[in-house]
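Commentary on secondary and tertiary structure
Residues per chain, in single letters:
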Amino acid sequence: MNTPPVCNYDGSDYQSSFWDQGGRAYEDAAESIALKHLLPKSGRLLLEIGAGAGRNTPRYAGFERIVLLDYSRTQLEQAQQHLGISNKYVYVAADAYRLPFVDGLFDGATMIRALHHMADAPKVLQQAARVLQPNSFFILEFANKQNLKAMLRWLLRRQDWSPFTREPVEFAALNFDFHPAAVFAWLTETGFSVEKKRTVSHFRLGLLKRLVPVKWLAVLDGLFQPTGEWFQFTPSVFVRARRVVQENIPHHKSEQHISLWFQCPECGGHPLESKREGLNCPECGRTYLLRDGIYDFRAPEQKT
């Protein structure tokens, strides 16, 4: 199955270098405020697409179980070190373009700071819609092409691409900015109804972050975030969408044995058989390893 290229953070110290030591305490606090206003207080089974090292996972504490999905095994290992191994957390290394889950499994999903690595954003959104139950929520964050800095640079002729056109811009390899109107349209086309919009990181300027305490900047950001309902000119935009379904789709119960949550990302076969070494697809014979508490669906280990 051909899929777009994947941005792989294996071997990266992203959590440490970008978040812990990268001077982004303000952005983290502002995102926390956005999530607090968009997240439901509780739920059964949440899918975190692009979970990384689990930076946001503690903010989903109201959910009974959380599936952390990332392509990078390194990031998931760091998440394990941070969160621990328990029944609450399920760690899955997989391609977001081929989610290894049965249809209609989750009652909620988030995708924070991950869409900007997707060369085919609508394809990922289709996958998110497929694995969500009817009327479930989806919180999406995306990097905004139409931000004030980009508009100013374009007006001063310091950048070639226009922030006002709808096509994505790849400003670095597998790093994309998106136009809000394009993202909202993709959500609608893939089976979502946009409920709320919040603009985030209004004050992402080095000078401001050096001069103003993080707490104050974050509080100010929280006050401005609701303006995202009317216009989006910040570098980051958060959206809460609702999965709307016109056709009947299967509804799989999260209380079932965990092996019944998965399907083969290669052939779509399910249920998978639980083996000592991992999960086996009885239809195509591929085996996906379970090693050190992490299910690995990136490549099958063998055919039986």
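In this report, we go over the structure that sits alongside the text. Along each chain, numbering runs from 1 in the same order as the chain's sequence is written. Given that the model is predicted, a residue must reach a pLDDT of at least 70 before its local features are reported, and side-chain atom pairs must reach 80 or more before they are shown or counted; all residues, however, enter totals for whole chains, interfaces and linings. As a rule here, side-chain values come from all non-hydrogen atoms in the structure, and water together with hydrogens is ignored.

1. Looking at the packing of aromatic side chains
Centre distance within 6.5 Å is the pairing criterion for rings of Phe, Tyr and Trp, where only the six-membered ring of Trp is used; planes under 30 degrees apart are then read as stacked, over 60 as edge-to-face, and the remainder as tilted. Taken as a whole and assessed by the stated rule, the structure comprises 16 aromatic pairs. Consider the rings of phenylalanine 176 and phenylalanine 178, whose centres lie 6.3 Å apart with planes at 25°: the pair is stacked. For the pair phenylalanine 176 and phenylalanine 178, a shared accessibility class is recorded, and that class is buried. Relative to tryptophan 186, the ring of phenylalanine 178 lies with its centre 5.7 Å away and its plane at 80°, an arrangement referred to as edge-to-face. Throughout this description, buried means an accessible area under 20% of the type-specific maximum (1.4 Å probe, protein chains only), exposed means over 50%, and partly exposed covers the range between.

2. Side note on the pattern of salt bridges
Salt bridge criterion: a side-chain nitrogen from Lys or Arg within 4 Å of a carboxyl oxygen from Asp or Glu. Per the stated rule, a full pass over the model turns up 16 salt bridges. A salt bridge links arginine 113 to glutamate 31; the nearest nitrogen and oxygen atoms lie 2.6 Å apart. With arginine 113 in the loop between β4 (106-111) and α4 (121-131) and glutamate 31 in helix α2 (residues 25-38), this pair connects stretches of sequence that are 82 residues apart. Overall, arginine 113 belongs to the buried group, its relative accessible area being 17%. Taking relative accessible area as the criterion, glutamate 31 reaches 0% and is therefore assigned buried. The partner of arginine 242 in a salt bridge is glutamate 195, with the nearest N and O atoms 3.0 Å apart. Taken as a pair, arginine 242 in strand β9 (residues 236-243) and glutamate 195 in strand β8 (residues 192-200) lie far apart in primary sequence, 47 residues in all. For glutamate 195, a relative accessible area of 32% translates into the label partly exposed. Working definition: helices are DSSP H or I runs of at least four residues, strands are E runs of at least two. Numbering for both runs from the N terminus.

3. So, the environment of proline 100
Looking at the element boundaries, proline 100 is found in the loop between β3 (89-93) and β4. Separated by 165 residues in sequence, proline 100 and proline 265 place their C-alpha atoms 5.0 Å apart. In this structure, proline 100 is in contact with Leu69, Val92, Ala94, Trp261, Phe262, Gln263, Pro265 and Phe297, ignoring residues within four places of it in sequence. Here, residues are in contact when the closest pair of their heavy atoms is within 4.5 Å.

4. Overview of helix α6 (residues 180-189)
Residues Pro180, Ala182, Val183, Phe184, Trp186 and Leu187 constitute the buried set of α6. At its buried positions, α6 is contacted by α4, β5 (132-143), β8 and β9. Backbone geometry just after α6 places glycine 191 at a positive phi near 105°.

5. A few points about helix α3 (residues 73-83)
Residues of α3 that are buried include every one of Arg73, Gln75, Leu76, Ala79, Gln80 and Leu83, and no others. Down the axis of α3, the smallest arc covering the buried residues is 155°, so these residues share one side. Opposite the packed face of α3, turned more than 90 degrees from it, sit the exposed residues Gln81 and His82. The secondary structure elements touched by the buried residues of α3 are α1 (14-20), β2 (63-70), β3, β12 (286-291) and β13 (294-296). Where α3 begins, the capping side chain belongs to serine 72, and its oxygen is found 3.3 Å from the backbone nitrogen of threonine 74. In the stretch just after α3, glycine 84 is the one whose phi turns positive, near 90°. Read the arc as the range of directions from the helix axis to the C-beta atoms. For the purposes of these results, a polar contact is taken to be a pair of N or O atoms within 3.5 Å, where, inside protein, one atom must be able to donate a hydrogen and its partner to accept one; residues adjacent in sequence count only when each atom of the pair is a side-chain atom.

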